[in-house]
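Secondary and tertiary structure notes
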Amino acid sequence: RDIPDLTGKVVLVTGGNAGIRYQTVKQLLLKNATVYLAARSPDKAAVAIKSLEAETNGKKAIFLQLDLADLKSVRTAADTFLRQEEKLDILFNNAGVMGTPLETLTAQGLDIQFGTNVLGHFFFTELLLPALTKSFQQNQVPACVINTTSMVYTMAPGSGVEFASVKGGSDRDAWIKKTGKFMAPWRLYGQSKIGNVLASNYWAKTHSDALVSCAVHPGTIKSELLRDQSGWMQALANLGLHPTPMGALTQLWAGTVATPAEITGQYVVPWGKVAKTEKRTKSAKLEADVIAFLKEQVQGF
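The rules behind these values
- For every chain, the first residue of the written sequence is number 1, and numbering continues from 1 onward in sequence order.
- Only residues with pLDDT of at least 70 get local features here, since the model is predicted, and only at 80 or more are side-chain atom pairs given and counted; chain-wide, interface and lining totals rely on the full set of residues.
- Side-chain metrics rest on all non-hydrogen atoms present in the structure, leaving aside hydrogens and water.
- The way it works is that DSSP assigns letters per residue, a run of H or I at least four long becomes a helix, a run of E at least two long becomes a strand, and they are numbered from the N terminus.
- Residue burial is assigned from relative accessible area. The probe radius is 1.4 Å, only protein chains are included, and a residue is buried under 20% of its type maximum, exposed over 50%, and partly exposed in between.
- Pairs of residues are marked as contacts when any of their non-hydrogen atoms sit within 4.5 Å.
- Residue burial considers only the protein chains on display, and all accessible areas are found by Shrake-Rupley using a 1.4 Å probe.
- In this analysis, rings of Phe, Tyr and Trp, with Trp reduced to its six-membered ring, are considered paired at centre separations within 6.5 Å, and the interplanar angle assigns stacked below 30 degrees, edge-to-face beyond 60, and tilted for intermediate values.
- Working rule for helices: expected span equals 1.5 Å times residues minus one.
- Whenever a carboxyl oxygen of Asp or Glu lies within 4 Å of a side-chain nitrogen of Lys or Arg, that contact is scored as a salt bridge.
- Pairing between strands requires that DSSP locate at least two bridges from one strand to the other.
- Axes here refer to lines fitted to C-alpha atoms; in helices the fit is confined to the stretch in contact. Angles between the N-to-C directions go from 0 to 180 degrees.
- Think of the arc as the fan of directions from the helix axis to the C-beta atoms.

1. Thoughts on the overall build of the protein
When helices and strands are tallied, the protein shows ten helices and eight strands. Its C-alpha atoms give the protein principal-axis dimensions of about 55 × 40 × 35 Å. Considering the protein as a whole, with its 301 residues, one finds that 54% of them fall into the buried category. Across the protein, contacts joining residues at least 24 apart in sequence account for 76% of those joining residues at least 6 apart. A total accessible area of about 12,900 Å² is found for the protein, and carbon and sulfur atoms account for 55% of it.

Following this line, the structure appears as structure tokens:
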């Protein structure tokens, strides 16, 4: 109801073929935006685009192949988008994985949760900065970068990010053994989600002349993120979760309704409210260390 007409707006949603992201794409299409649906699987994306077309009276999202767990794919996706569009008005960094098997690493050998949720999105956003900046130059309205986090960021270990756990190898193996195989996936997920907050804060400060950036907790939502969990855990979790479409509400509010001053550098929670975060997310040292680590990983890509 509150989303304005988005005719002429170019929007990109990562992981847009399922869950909250699918619902976000749907609402954007209904408001006449040009929407890029970025996803890893062409087949799953094709099914989603066909379904969206039926649900939006013929409006069609544009597929962009993107595997956030492979920096080469991230580079290719960004280059492809920049060849097709000169501006990007809203970027929803919405894709993610949760509670994945501990042995799963990215193409570059990093923890799959940190590599996908944080590093992949960081590199993608950095590569798309020219298009985000062009949006501001054309419209004199800041572009929006909406970064999906979770209240589970509070489960991040120690100072917030323990770098020994991020790269595959003996240090990570020792960290997992110390943390325990049950808790380690959740500590790693929390770590990735605090990483999303820190990256969001970084963009809000360093590119305040051209864009706004905020971190969004979508709520406790039924989602395909639970796909890596056991059947009993999925059944138990789903008992207390909100319907999937509700998960899109807060990020849609932040990206299309809220004023820049309301959201930039903020943590937004259901349903469209700004909330406070714990002190680890405000650590200048931790933010600097995380950003330095991310920049180091993307060198050469």
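Having seen the model, we can carry on.
2. Regarding the packing of aromatic side chains
Applying the stated criterion to the full structure yields six aromatic pairs. With a centroid separation of 5.8 Å and an interplanar angle of 15 degrees, the aromatic rings of F122 and W203 are classed as stacked. Taken together, the residues F122 in helix α4 (residues 112-139) and W203 in helix α6 (residues 184-206) connect sequence positions 81 residues apart. Judged by relative accessible area, F122 falls into the buried class, the value being 1%. Feature note: the residues F114, F163 and F293 constitute an aromatic cluster, connected by ring pairs.

3. Digging into the environment of A143
Take A143: it is sitting in strand β5 (residues 143-148). C-alpha separation for the pair A143 and G15, spaced 128 residues apart in sequence, amounts to 20 Å. Apart from the residues within four sequence positions on either side, A143 is in contact with L88, D89, L132, S135, A210, L211 and V212.

4. Looking at α6
With 23 residues, α6 ought to run about 33 Å at 1.5 Å a step, and its terminal C-alpha atoms sit 32 Å apart, in line with that. Within α6, 20 of the 23 residues are buried, which leaves it mostly tucked inside the rest of the structure.

5. Describing the pattern of salt bridges
Counted according to the given criterion, the structure contains eight salt bridges. When the shortest N-O distance is used, the salt bridge between E55 and K26 registers 3.2 Å. Of this pair, E55 sits in helix α2 (residues 42-55) while K26 sits in helix α1 (residues 19-30), and the two are 29 residues apart along the sequence. The exposure class of E55 is partly exposed, given its relative accessible area of 36%. Among the salt bridges present, the one from K205 reaches E287, with a minimum N-O distance of 2.9 Å. Within this pair, whereas K205 is found in helix α6, its partner E287 is found in helix α10 (residues 284-297), the two being separated by 82 residues in sequence.

6. Concerning the sheet that holds β5
With respect to topology, eight strands assemble into an open sheet ordered β3-β2-β1-β4-β5-β6-β7-β8, the strand pairing being mixed. Each end of this open sheet is capped by a strand with a single partner; those strands are β3 (62-65) and β8 (273-275). This sheet shows a mean twist of 25 degrees between the axes of neighbouring strands, independent of strand direction. Of the strand pairs in this sheet, strand β4 (residues 90-93) and β5 are connected by four bridges, and their pairing is parallel. Its bridge partner lying in β5, N93 is registered against N147. Strand contacts of α4: β1 (10-14), β3, β4, β5 and β6 (211-216), with the helix running at about 170 degrees to β4, the strand carrying the most contacts. Against the sheet, α6 makes contact with β4, β5 and β6, and its axis sits at roughly 160 degrees relative to β6, the strand it touches most.

7. Quick look at α10
The periodicity of an α-helix, 3.6 residues per turn, causes residues three or four positions apart to be oriented the same way. Helix length check: α10, at 14 residues, gives a terminal C-alpha distance of 20 Å against a target of 20 Å (1.5 Å per residue), a fit within 8%. Of the positions making up α10, those classed as buried are L286, E287, V290, I291, F293, L294 and Q297. Within α10, the buried residues cover an arc of 160 degrees as seen down the axis, which keeps them to one side. Counted as exposed and oriented over 90 degrees from the buried face of α10: A284, K285 and E296. On the buried face of α10, the contacting elements are α3 (71-84), α4 and α6.

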